[in-house]
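# Tertiary structure, described
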Amino acid sequence: VTGVQTCALPIFVSSWHIFTVLVKSRDKVYFGMRDMGINCNVHYLPISDTTAYRTYNSNLDNSNEVAAQLLTLPLHYSMTLNDVDIVCAKLSSLL
């Protein structure tokens, strides 16, 4: 899908328990997908929002930028290729 960057790295083998992508307008896409009946999630918050790192004054701009774009798309064992096409089409319509 144009405008979407996958997070998979070719040097790792995924367990495929979730499928995360980066999108520039994550919140718009998240709510748009939900409005169209596609259950997406935001699994990862910026590390600077966690209790362990909140007190540090580190430069965590990269973490914040990635977290603001990270979206988890549906992925489960009963999805068909048609389901994948529907998710992709609806995702494309929001970008």
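Residues numbered from 1 in each chain as written. Predicted model: local features only at pLDDT ≥ 70, side-chain atom pairs only at ≥ 80, totals over all residues. Heavy atoms only, no water.

## With respect to the packing of aromatic side chains
- This model, assessed by the stated rule, comprises 1 aromatic pair.
- Relative to Phe31, the ring of Tyr30 has its centre 4.9 Å away and its plane inclined at 75°; by these criteria the two rings are edge-to-face. (Phe/Tyr/Trp six-rings, centres within 6.5 Å; stacked < 30°, edge-to-face > 60°.)

## As for the nonpolar core
- Among the nonpolar cores identified, the biggest contains 13 residues, and Val29, Met33, Cys40, Leu71 and Leu73 are the most heavily contacted of them.
- Among the elements of the structure, α1 (26–35), β3 (70–73) and α4 (81–93) are those that each provide at least two residues to this core.
- Apart from the residues within four sequence positions on either side, Val29 is in contact with Val23, Leu71, Leu91, Leu94 and Leu95. (Core = buried A, V, L, I, M, F, W, Y, C linked by side-chain atoms within 4.5 Å. Buried < 20%, exposed > 50% of the residue type's maximum accessible area, 1.4 Å probe, protein only. Helix = DSSP H or I, 4+ residues; strand = E, 2+ residues; numbered from the N terminus. Contact = heavy atoms within 4.5 Å.)

## Considering the pairing of β3
- Burial of β3 is two-sided: the residues Leu70 and Thr72 facing one way and the residues Leu71 and Leu73 facing the other way are all buried.
- Bridge analysis of strand β2 (residues 19–22) against β3 gives 4 bridges, and the strand direction is antiparallel. Its bridge partner being in β3, Leu22 is matched across the sheet by Leu70. (Pairing = 2+ DSSP bridges.)

## Remarks on the environment of His43
- If you trace the backbone, His43 turns up in the loop between α1 and α2 (51–54).
- Look at His43 and you get partly exposed, because its relative accessible area is 42%.
- When the C-alpha positions of His43 and Thr72 are compared, they lie 6.8 Å apart, and in sequence the two are 29 residues distant.
- When sequence neighbours within four positions are dropped, the list of residues in contact with His43 reads Ile18 and Thr72.

## Considering the pattern of salt bridges
- Scanning the model with the defined rule gives 1 salt bridge in all.
- When the shortest N-O distance is used, the salt bridge between Asp27 and Arg26 registers 2.9 Å.
- With relative accessibility at 44%, the residue Asp27 sits in the partly exposed group. (Salt bridge = Lys/Arg side-chain N within 4 Å of Asp/Glu carboxyl O.)

## Side note on the sheet that holds β2
- Across the sheet, 3 strands lie side by side as β1-β2-β3; this open sheet has antiparallel pairing. The open sheet has two edge strands, β1 (5–6) and β3, and neither has a second partner.
- When β1 meets β2, the two strands line up antiparallel, connected through 2 bridges. In the sheet register, Thr6 faces β2, and the bridge partner there is Val21.

## Considerations on the confidence of the model for the protein
- Taken over all residues, the pLDDT of the protein has a mean of 83, while the share at 70 or more is 87%.
- The spread of mean pLDDT over the elements of the protein runs between β1, the lowest at 70, and α1, the highest at 94. (pLDDT = per-residue confidence, 0-100.)

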